[in-house]
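Chain and residue survey
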Amino acid sequence: MANAAQHSIKQIVILGGGTAGWMTAASLAHYLRHRQCQITLIESCAIGTVGVGEATIPSIVNFNHGLGIDELEFLRATQGSFKLGIQFEDWLEPGSRFFHPFSDYGIDHQTLPFHHYYYALKAHEQALELGDYSLACQLARQGRFAQPRQPPQSPLGDYGYAYHFDAGRYALFLREYAEQRGVRRIDARMHGVTRNAENGFIEALSLDDGQRVQGDLFIDCSGFRALLMQETLKTGFEDWSHWLFADSAVAVQSALPHAEDIVPYTRSIAKDAGWVWHIPLQHRQGNGYVYSSRFCDPQRAWDTLSQCLTHEPCSEPRHLSFKTGRSLKMWEGNCVAIGLSSGFLEPLESTSISLIQTGIAHLLQFFPHQGIDPVRVKEVNRRHRHEMESIRDFILLHYILNQRQHNDMWHAYRNLSLPDTLEHKIELFKSCGHIVQYPPETFETSSWLTMFEGFGIRPRDIDDRASQMPASVLSEQLAGIRQQLRHVAAQADSHASVIAKHCAAPR
Ligand SMILES: Cc1cc2nc3c(=O)[nH]c(=O)nc-3n(C[C@H](O)[C@H](O)[C@H](O)COP(=O)(O)OP(=O)(O)OC[C@H]3O[C@@H](n4cnc5c(N)ncnc54)[C@H](O)[C@@H]3O)c2cc1C
């Protein structure tokens, strides 16, 4: 990389004002407030945003907290609700159901993960249910919610939660936050890029209103178009559609007439060519069918989704298509891609917004204050790849373990040749119950355990510390945990009343 890169960053230009653009603008405005940086965000209202992306994972709580955003104010502004996890319906086979909670199970003992004790007892008591040992599961079953106690008084009282929210309102909320902190916004369409002839760095963006916006660092938040990272810099894209077949979605909003309908979890229901989501917000429900166009056409997809709606649609159906995979680079020269421009994994585990957050975190941790340093660029690209691959494996796990019969897509998933990393994880768990992690991973061992258990994968062997314990002792101890969790859950308020009391949005 040429020496031209070695000057400090004074002007940052963000291209795109979707969730990624405004999360990036808000973060840079906040965390770089002591550096004299001018931040400019360019978005085109004529082009608009992708307009979906309403479910999150617990890292969003820390993201907002880091920016000093008041949780209840944020929920009111975005018509938000709390999310304890995802209920998976019909995934193993029609009629099956399990819950993926944002919490651990039980209590580890003698440094041995709880699930070894669970499987030791399950050998004697077949009817045990893993969800009975998770507070988030117990709360979700009863439609209740309570913020975890801070600091947790018992290991059982500590669990994660996330939010559902209106993505458009969240972007507006962050826009206001960022503009108050000096971010300059331009509404215009970008149509040209000037690059340095020597090192290929981006120098300026030309806009259709005649402006030319110069910068030292450019953040590509232009969505699937990836106008800087792919169209301009042509860094290449790794296509994962041979593993994850979903490439299309149809989305629609529907009414939610009763407060009790606002459940504290996302529902994900397997269908012939993909899966349907239901995301409850305060003013409406978001619904969508994510499917593979190899196995379904848009009309059939819409028919499938309409049959799943419990209430009248209150928006026109929107059809979207996407490519699953990752940009080979997240950072190239003086350009960093954040959001859909850096890659996309289908929305099954609501990971895109969390990937925006980690993209921002990597940028801030390795920020090129003194100019672009190739070793930082390399590290950010390494992390991005690692993170995307581990999420890809986790999502793939949901599909390949199915037992859905008489269906081409689900049959194809069962016969898929897997990435080595995933194959190893599954085989090791089957062999001895150990869940291997390649940190940092977005999904912790409890999430992997949920999937193994939900799809009926059991270890052939478990640790001696658990298997040698008398069944009567195990039975007594696990019953104690179950009862304690049930007791804690029963004390919580209903999710609907938590919202009504603390963060009801204007209707
Ligand atoms: C079906 C589906 C469901 C999803 N569900 C979830 C979910 O539940 N949870 C989750 O975390 N994520 C979800 N996602 C992903 C989520 O929608 C995105 O990660 C998120 O919205 C961020 O998008 P973005 O800001 O990168 O792109 P976009 O929202 O597409 O924004 C792109 C921006 O670039 C601007 N732009 C583009 N071209 C130009 C130009 N030439 N000049 C100026 N401006 C331009 C646009 O105006 C816009 O402001 C889902 C995605 C899909 C497809």
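Residues numbered from 1 in each chain as written. Predicted model: local features only at pLDDT ≥ 70, side-chain atom pairs only at ≥ 80, totals over all residues. Heavy atoms only, no water.

**Brief notes about the overall build of the protein**
- Along the backbone of the protein there are 16 helices and 23 strands.
- Here the C-alpha radius of gyration of the protein, 24 Å, is about what a compact globule of 507 residues would show, namely 23 Å.
- Here the protein, with 507 residues, has 56% of them falling under the buried criterion.
- Partitioning the intrachain contacts of the protein with sequence separation of at least 6 by distance along the chain shows that 76% fall at a separation of at least 24.
- When the accessible surface of the protein is totalled, it reaches about 21600 Å², and 48% of it is carbon and sulfur.
- Of the side chains in the protein, 46 bear a positive and 55 a negative charge, and the two mean positions are spaced by 3 Å. (Helix = DSSP H or I, 4+ residues; strand = E, 2+ residues; numbered from the N terminus. Rg over C-alpha atoms; globule rule 2.2 N^0.38 Å. Buried < 20%, exposed > 50% of the residue type's maximum accessible area, 1.4 Å probe, protein only. Contact = heavy atoms within 4.5 Å. Areas by Shrake-Rupley, 256 points an atom, 1.4 Å probe, with all protein chains shown as cover. Lys, Arg positive; Asp, Glu negative; His and termini not counted. Charge placed at Lys NZ, Arg CZ, Asp CG, Glu CD.)

**Describing the nonpolar core**
- Core analysis: the biggest nonpolar cluster contains 138 residues, and Ile12, Ile60 and Ile338 have the highest contact counts within it.
- Counting residues per element, this core draws most heavily on helix α10 (residues 374–400), which supplies 10 residues.
- When residues of this core are assigned to domains, at least three map to each of domain 1 (4–50 + 165–240 + 324–373) and domain 2 (103–159 + 418–495).
- Sequence-distant contacts of isoleucine 338, defined by excluding residues within four places in its chain, comprise Ala20, Thr24, Ile219, Asp220, Cys221, Met330, Ile356, Gly359, Ile360 and Leu363.
- Counting 17 residues, the second largest nonpolar core, distinct from the first, contains Ile186, Met190, Leu205 and Leu228. (Core = buried A, V, L, I, M, F, W, Y, C linked by side-chain atoms within 4.5 Å. Domains from an automatic or database assignment.)

**Topic: the packing of helix α4 (residues 114–122) against helix α15 (residues 471–491)**
- Put simply, α4 and α15 touch, their axes get as near as 10 Å, and they point 120° apart. Taken together, the axes of α4 and α15 lie oblique to each other. Crossing hand, α4 versus α15: left-handed. Residue-level inspection shows Phe114, Tyr117, Tyr118, Ala120 and Leu121 of α4 in contact with α15, the latter providing Ala471, Leu474, Ser475, Leu478 and Ile481.
- For the contact of α4 with α15, the per-class residue count stands at 9 nonpolar, 1 polar and no charged. (Axes fitted to C-alpha atoms, helices over the stretch in contact; angles between N-to-C directions. Parallel < 35°, antiparallel > 145°, perpendicular 65-115°, else oblique. Left-handed = near helix turned anticlockwise from the far one by under 90°. Nonpolar A, V, L, I, M, F, W, Y, C, P; charged D, E, K, R; others polar.)

**Points about the site of the ligand**
- Taken together, 34 residues form the shell around the ligand, and within it Gly17, Val52, Ala55, Met190 and Ile353 come nearest.
- Contact distances for the ligand include 3.4 Å between an oxygen atom and a backbone N or O atom of glycine 18.
- Alanine 20 is positioned such that a nitrogen or oxygen atom in its backbone is 3.0 Å from an oxygen atom of the ligand.
- The protein chains hide 97% of the 1000 Å² of surface that the ligand would expose on its own.
- Per-element accounting of the shell around the ligand gives the leading share, 3 residues, to helix α9 (residues 352–365).
- Of the residues assigned to the shell around the ligand, the class counts are 17 nonpolar, 13 polar and 4 charged. (Near = heavy atom within 4 Å. Polar contact = N/O pair within 3.5 Å; in protein donor to acceptor, adjacent residues only side chain to side chain.)

**A short note on α9**
- The end-to-end C-alpha distance of α9, which contains 14 residues, comes to 20 Å, matching closely the 20 Å that a straight helix rising 1.5 Å per residue would cover.
- Packed against the buried residues of α9 are α1 (19–31), α2 (59–66), β12 (217–220), β21 (335–337) and α10. (Expected span 1.5 Å × (residues − 1).)

**Describing the pattern of salt bridges**
- Applying the stated rule across the entire model yields 22 salt bridges.
- With a closest N to O distance of 3.5 Å, arginine 141 and glutamate 129 form a salt bridge. Residue arginine 141 is found in helix α5 (residues 135–141), and its partner glutamate 129 is found in the loop between α4 and α5; the two are separated by 12 residues along the sequence.
- For arginine 383, the salt bridge is made with glutamate 379, and the minimal N-O distance between the two is 2.8 Å. (Salt bridge = Lys/Arg side-chain N within 4 Å of Asp/Glu carboxyl O.)

**Concerning the sheet that holds strand β10 (residues 202–207)**
- If you walk across this open sheet you meet the 3 strands as β9-β10-β11, and the pairing is antiparallel. Edge positions in the sheet fall to β9 (190–195) and β11 (212–214), since each of these pairs with one other strand and no more. Each strand of the sheet is rotated relative to its neighbour by a mean of 25°, with strand direction disregarded.
- Both β9 and β10 contribute to a ladder of 5 bridges, which runs antiparallel. Note that in β10 the partner of glycine 192 across the bridge is serine 206. (Pairing = 2+ DSSP bridges.)

**Quick notes on the domain arrangement of the protein**
- Taken domain by domain, the protein consists of domain 1 (4–50 + 165–240 + 324–373) and domain 2 (103–159 + 418–495).
- Taking only C-alpha atoms, the centre of domain 1 and the centre of domain 2 are 39 Å apart.

**What about the packing of aromatic side chains?**
- Scanning the entire structure with this criterion turns up 34 aromatic pairs.
- Here tryptophan 91 and tryptophan 410 contribute two aromatic rings whose centre-to-centre distance is 5.5 Å and whose plane-to-plane angle is 90°, an arrangement assigned as edge-to-face. Residue tryptophan 91 is located in the loop between β4 (85–89) and β5 (97–101), and its partner tryptophan 410 is located in helix α11 (residues 408–414); the two are separated by 319 residues in the primary sequence. Of the two residues, tryptophan 91 and tryptophan 410, both sit in the buried class.
- Consider the rings of tryptophan 275 and tryptophan 277, whose centres lie 6.2 Å apart with planes at 50°: the pair is tilted.
- With a relative accessible area of 11%, tryptophan 277 lands in the buried category.
- Joined through ring pairs, the aromatic side chains of Phe88, Trp91, Phe98, Phe245, Phe295, Tyr399, Trp410, Tyr413 and Phe455 make up one cluster.
- Taking the ring centre of tyrosine 177 as reference, the NZ or CZ of arginine 181 above it sits at 3.6 Å. (Phe/Tyr/Trp six-rings, centres within 6.5 Å; stacked < 30°, edge-to-face > 60°. Lys NZ or Arg CZ within 6 Å of the ring centre and 35° of its normal.)

**Some details on a negative patch on the surface**
- Among the surface-exposed residues, Asp104, Asp108, Asp158 and Glu444 lie close enough to one another that they form a single negatively charged patch.
- Residue position: aspartate 104 is located in the loop between β5 and α4. (Patch = residues over 30% accessible without salt bridge, like charges linked within 9 Å, V, L, I, M, F, W, Y side chains within 5 Å.)

**Considerations on the pairing of strand β16 (residues 274–280)**
- Of all 7 residues in β16, 7 are buried, a share of seventy percent or more.
- With 5 bridges joining them, strand β15 (residues 266–271) and β16 adopt antiparallel strand pairing. Of the residues in β16, the one forming a bridge with isoleucine 269 is valine 276.
- Remark: 2 residues form the turn of the hairpin made by β15 and β16, two consecutive strands paired antiparallel.

**So, the side chain of threonine 56**
- Looking at the element boundaries, threonine 56 is found in the loop between β2 (38–43) and α2.
- A polar contact of 2.6 Å, which involves the side chain of threonine 56, links it to the backbone oxygen of tyrosine 163.
- Setting aside chain neighbours within four positions, we find threonine 56 in contact with Lys83, Phe102, Ala162, Tyr163, Phe165, Ser350 and Ile353.

**Concerning the side chain of threonine 78**
- Of note, threonine 78 is situated in helix α3 (residues 71–78).
- Its relative accessible area of 0% is what places threonine 78 among the buried residues.
- A distance of 2.9 Å separates a polar atom in the side chain of threonine 78 from the backbone oxygen of phenylalanine 74.
- Non-local contacts of threonine 78, meaning those with residues more than four positions away in its chain, are made with Phe165, Asp166, Arg169 and Tyr170.

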